[in-house]
Amino acid sequence: MYTCTTQNSLLALTAVALVALTGCSTAASNAPETSAPPAGEAVVMEDGWVKAADSGMSAAFGELENTGSDDVTIVSASTEASSALELHETIENEAGEMIMREKTDGFTIEAGDSLSLEPGGNHLMLMDLTDPIAAGDEITFTLTFSDESTYEFTVPAKDYAGANENYEGDDAGEHDMEMSGDMEMGGHSE
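Residues numbered from 1 in each chain as written. Predicted model: local features only at pLDDT ≥ 70, side-chain atom pairs only at ≥ 80, totals over all residues. Heavy atoms only, no water.

Inspection of the secondary structure assignment puts E89 in strand β4 (residues 82-92). Here the side chain of E89 touches R101 through a polar contact of 2.8 Å, side chain to side chain. Ignoring sequence-local partners within four residues, the contact set of E89 consists of I99, M100, R101, K103, G121 and N122. (Helix = DSSP H or I, 4+ residues; strand = E, 2+ residues; numbered from the N terminus. Polar contact = N/O pair within 3.5 Å; in protein donor to acceptor, adjacent residues only side chain to side chain. Contact = heavy atoms within 4.5 Å.)

See the structure below:
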């Protein structure tokens, strides 16, 4: 038969055990989560610029750097300078011509790496310009990532001359744009 003292001792031990277990579970649930920051906070545009154009189409270039520890994927871009903006790549078709086409799966930038947007390569394609873009204008872009975060940057417009490339599926040459070749800008080639 238990005495009052034995019962009180068992109750005290049970209470101490419950407090200890509760303390362990609380500490575990309050541990900081180690989720990655939004992709839009990890990407930085360096040396960005957009091609000056009177009408029709233009393109934006530069170096997008992923400063984060996780890969990021750009799924779309927008700007008030264009009613339609696409992520583009430039490839060689069966006839040996360089053509631009939409990159529907987006641009992935590996952790700690960068993505070059350049004439004759990957770029942001501004289609159906809303107004002329003159050299010296400042154009703002918003990138949207697969995690739905965004990154906004502003770049200057610059004059550019190069060879013609065609937009994929463009039979009439309606979407020709000077995009490839060497370019002199500020004393260095891009």
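What follows covers the environment of D159. Along the chain, D159 turns up in the loop between β10 (150-158) and β11 (163-167). The exposure class assigned to D159 is exposed, which follows from its relative accessible area of 57%. The spacing of D159 and V50 is 109 residues in sequence and 8.6 Å in space, taken between C-alpha atoms. (Buried < 20%, exposed > 50% of the residue type's maximum accessible area, 1.4 Å probe, protein only.)

With that settled, consider the packing of aromatic side chains. Applying the stated criterion to the full structure yields 4 aromatic pairs. Ring centres 5.8 Å apart and planes at 50 degrees place the aromatic pair W49 and Y160 in the tilted group. With W49 in strand β1 (residues 43-51) and Y160 in the loop between β10 and β11, this pair connects stretches of sequence that are 111 residues apart. Y160 shares its class with W49; the two are buried. Three or more aromatic residues joined by ring pairs make a cluster, and in this case those are W49, F61 and Y160. (Phe/Tyr/Trp six-rings, centres within 6.5 Å; stacked < 30°, edge-to-face > 60°.)

Taken as a whole, this structure holds 3 salt bridges when the rule is applied. Ionic pairing is found between E89 and K103, a salt bridge with its closest N-O pair at 4.0 Å. Here the residue E89 occupies a position in strand β4, and K103 occupies one in the loop between β5 (98-102) and β6 (107-109), the gap between them amounting to 14 residues. Owing to a relative accessible area of 15%, E89 belongs among the buried residues under this scheme. Within the structure, one salt-bridge network assembled from shared partners comprises E89, R101, K103 and D105. (Salt bridge = Lys/Arg side-chain N within 4 Å of Asp/Glu carboxyl O.)

Its identity as a non-glycine residue notwithstanding, D47 has a phi of 55 degrees, on the positive side. Inspection of the secondary structure puts D47 in strand β1. A relative accessible area of 64% places D47 in the exposed class. Positioned with a positive phi, E148 is a non-glycine residue whose angle comes to about 70 degrees. Turning to its location among the elements, E148 is positioned in the loop between β9 (138-145) and β10. Assessed through its relative accessible area of 70%, E148 is described here as exposed.

Within strand β2 (residues 58-66), 7 of the 9 residues are buried, which leaves the element mostly enclosed by the surrounding structure. Where β1 hands over to β2, the hairpin turn is made up of 6 residues, of which G56 adopts a positive phi near 80 degrees. Sheet analysis places β2 next to strand β8 (residues 123-129), joined by 3 bridges and oriented antiparallel. Its bridge partner lying in β8, S58 is registered against L126. Inspection of the sheet shows β2 paired to strand β7 (residues 114-117) by 4 bridges, in the antiparallel sense. Note that in β7 the partner of G62 across the bridge is L117. (Pairing = 2+ DSSP bridges.)

The analysis is restricted to geometry; functional conclusions fall outside its scope.
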